[in-house]
Amino acid sequence: MASKAVKAPGTPRAPPGTPQDSGSPREFETLRLQREGGHVLHLQLNRPQKRNALNLQCWRELRECFQELSQDPSCRAIVVSGAGSAFTAGIDLSDFALLVADLPEDVARRAWGLRQKVVELQESFTAMERCPKPVIAAVHGPCIGAGVDLISACDIRFCSQDAAFQVKEVDMGLAADVGTLQRLPKIVGSQSLVNELAFTARVMRAPEALTCGLVSRVLPDKETLLEVALGVASAIAARSPVAVQGTKVNLLYSRDRPVSEGLHHVATWNMAMLQTEDIPKSVQAALDKKGPEDVPFAKL
Ligand SMILES: CCC/C=C/C=C/C(=O)SCCNC(=O)CCNC(=O)[C@H](O)C(C)(C)COP(=O)(O)OP(=O)(O)OC[C@H]1O[C@@H](n2cnc3c(N)ncnc32)[C@H](O)[C@@H]1OP(=O)(O)O
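Residues numbered from 1 in each chain as written. Predicted model: local features only at pLDDT ≥ 70, side-chain atom pairs only at ≥ 80, totals over all residues. Heavy atoms only, no water.

Section: the sheet that holds strand E7 (residues 164-166)
Note: strands within a sheet are paired through backbone hydrogen bonds, in either parallel or antiparallel orientation. Spatial ordering of the open sheet is given by E5-E7-E8, a layout of three strands whose pairing is mixed. The open sheet has two edge strands with one neighbour each: strand E5 (142-144) and strand E8 (204-205). (Pairing = 2+ DSSP bridges. Helix = DSSP H or I, 4+ residues; strand = E, 2+ residues; numbered from the N terminus.)

A look at the site of the ligand
Close to the ligand lie 18 residues, the nearest being Lys50, Arg51, Ala89, Ile91 and Leu93. Lys50 places a polar side-chain atom, nitrogen or oxygen, 2.6 Å from an oxygen atom of the ligand. Between a nitrogen atom of the ligand and a main-chain N or O atom of Leu93, the distance comes to 2.9 Å. The fraction of the free accessible surface of the ligand (1100 Å²) that becomes covered by protein chains is 65%. By residue class, the composition of the shell around the ligand is nine nonpolar, three polar and six charged. (Near = heavy atom within 4 Å. Polar contact = N/O pair within 3.5 Å; in protein donor to acceptor, adjacent residues only side chain to side chain. Areas by Shrake-Rupley, 256 points an atom, 1.4 Å probe, with all protein chains shown as cover. Nonpolar A, V, L, I, M, F, W, Y, C, P; charged D, E, K, R; others polar.)

Here's the deal with helix H5 (residues 180-188)
Turning to H5, its buried residues number three or more, namely Thr180, Arg183, Leu184, Pro185 and Val188. In the segment just after H5, Gly189 is the residue with positive phi, at about 90°. (Buried < 20%, exposed > 50% of the residue type's maximum accessible area, 1.4 Å probe, protein only.)

A few points about the pairing of strand E1 (residues 31-36)
Of the two faces of E1, the one lined by Leu31, Leu33 and Arg35 is fully buried and the one lined by Arg32, Gln34 and Glu36 carries no buried residue. Here E1 folds back onto strand E2 (residues 40-45) in antiparallel fashion, the turn holding three residues, of which Gly37 has a positive phi close to 75°.

Overview of the pairing of strand E4 (residues 135-139)
E4 sits mainly inside the fold: five of its five residues count as buried. Because side chains alternate across E4, one face comprises the buried residues Val135, Ala137 and Val139, and the other comprises Ile136 and Ala138, equally buried. Pairing analysis gives four bridges linking E4 to strand E6 (residues 156-160), with the strands arranged parallel. Within E6, the residue paired with Ile136 across the bridge is Ile156.

A look at the domain arrangement of the chain
For the chain, the assigned domains are domain 1 (12-237) and domain 2 (241-294). Taking only C-alpha atoms into account, the centre of domain 1 sits 27 Å from that of domain 2. Contact residues are listed per partner, giving 13 residues for domain 1 and eight residues for domain 2. When domain 1 packs against domain 2, close to 840 Å² is buried across both sides, 59% of that on carbon and sulfur atoms. Ranking the residues of domain 1 by area buried against domain 2 places Glu129, Pro132 and Lys186 at the top, with a combined share of 52%. Applying the counting criterion to the domain 1 and domain 2 interface returns three salt bridges. Measuring nitrogen to oxygen at the nearest pair gives 3.3 Å for the salt bridge that ties Asp256 to Lys186. Of all the secondary-structure elements, those providing two or more residues to the side of domain 1 that touches domain 2 are helix H3 (107-130) and H5. Counted by class, the side of domain 1 that touches domain 2 contains seven nonpolar, no polar and six charged residues. (Domains from an automatic or database assignment. Contact = heavy atoms within 4.5 Å. Buried area = accessible area lost by both parts, 1.4 Å probe. Salt bridge = Lys/Arg side-chain N within 4 Å of Asp/Glu carboxyl O.)

Some remarks on the sheet that holds strand E3 (residues 77-82)
If you trace the six strands from one edge of the open sheet to the other, you get E1-E2-E3-E4-E6-E9, paired in mixed fashion. Strands at the two margins of the open sheet, each flanked by one partner only, are E1 and strand E9 (217-219). Between one strand axis and the next, the sheet turns by 20° as a mean value, whatever way the strands run. Set on the sheet, helix H1 (residues 56-71) makes contact with E1, E2, E3 and E4; between it and E1 the angle comes to about 25°. (Axes fitted to C-alpha atoms, helices over the stretch in contact; angles between N-to-C directions.)

Notes on unusual backbone geometry
The phi angle at Arg51 is positive, at roughly 55°, despite the residue not being glycine. Locating Arg51 in the fold gives a position in the loop between E2 and H1. By relative accessible area, which is 43% here, Arg51 ends up partly exposed. Located in the positive-phi region is Asn52, a residue other than glycine, with phi close to 55°. As for its placement among the helices and strands, Asn52 is situated in the loop between E2 and H1.

A few points about the side chain of Thr180
For Thr180, the position within the fold is in helix H5. Accessibility expressed as a relative area gives 1% for Thr180, which makes it buried. With residues up to four places along the chain from it excluded, the contact list for Thr180 reads Val148, Asp149, Ser152, Val167 and Pro185.

Quick word on the nonpolar core
By size, the foremost hydrophobic cluster in this structure holds 51 residues, and its most contacted members are Phe66, Phe125, Leu150, Phe165 and Leu214. Look past the residues within four positions of Phe165 in its chain and what remains in contact with it is Val139, Cys143, Ile151, Cys159, Arg202, Val203, Met204, Ala209, Leu214 and Val215. Counting residues in each nonpolar core, the second largest holds 17 residues, with Ala77, Phe158, Leu226 and Ala229 among its members. (Core = buried A, V, L, I, M, F, W, Y, C linked by side-chain atoms within 4.5 Å.)

Considering the packing of H1 against H3
It is at 8 Å that the axes of H1 and H3 come closest, and there the two elements cross at 35°. Note that H1 runs across H3; the crossing there is left-handed. For the pair H1 and H3, contact is made by Leu56, Trp59, Leu62, Arg63, Phe66 and Gln67 and by Glu120, Leu121, Glu123, Ser124, Phe125, Ala127 and Met128, respectively. (Left-handed = near helix turned anticlockwise from the far one by under 90°.)

Okay, here's the thing in structure tokens:
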């Protein structure tokens, strides 16, 4: 039987705002992080006057936020949405120049420095993908450029009827480089459609996003969208975190590998995780005709 993590006597309580504290989540400048019930966190991109355009601060905060939530035992599922009238207008266009500012003159060093900046931006969304807690994107209104990169790194995507998706990078003179070209073909299934969207920057609306599998649900409006997304997050959070997080880690591992490697990985994973106390607790609940919602699972 796994032993519960017990805080040693005299261990100071984490100050409010740190991820270990199940009270108030950390405050950010460009993001709003709120706890919704016990183990669900709602993260809003929060620059509504700029249609949640992602400035450098926002990229940095997203990275830090997901690195911290990954370690936060009181967080079991995350919903990402946009404040105001858009999910996001993509990269903050006024920050584009900053990407090449302060780089050395020599071409090799300049290129190396720029590469480092691109890798840092990639990390903001890769941190969402790597976070073992499921992340649900709730998209309303425009979701442009970097917005598509962002939602491609999420585990579940829902949208409202007014959502409009655009792989806009070619219109800015660049090849998308923070995840869309790598992740979208695995989500959508039709390479032809991905190519068309990425070569033309055509806007894709909610019904097509549903048909092609970019989103799995379309809701009539933003309010219903958030209600449903938070409801699904609560359903996830009610289940064993050992089971849910193990499922995410193994789905992600298997996505890019042959079946044989995925099976090998999960067998090794489960030689430890099958020993969890969550299994007998869940089995007993099922025998008692109770659901996972009735089982108090320890934090992970
Ligand atoms: C190495 C790089 C890796 C990353 C690459 C990423 C690339 C991309 O993301 S490409 C996509 C860039 N985004 C765009 O081209 C979208 C531009 N915005 C719009 O088309 C519209 O604003 C939008 C359809 C989203 C909303 O239209 P709406 O009429 O509702 O609002 P506006 O009046 O246009 O805008 C309101 C204020 O927001 C500012 N704003 C909007 N988008 C951006 C942006 N991407 N960057 C910076 N600022 C943006 C807009 O200027 C208005 O500001 P203000 O005039 O101060 O009120």
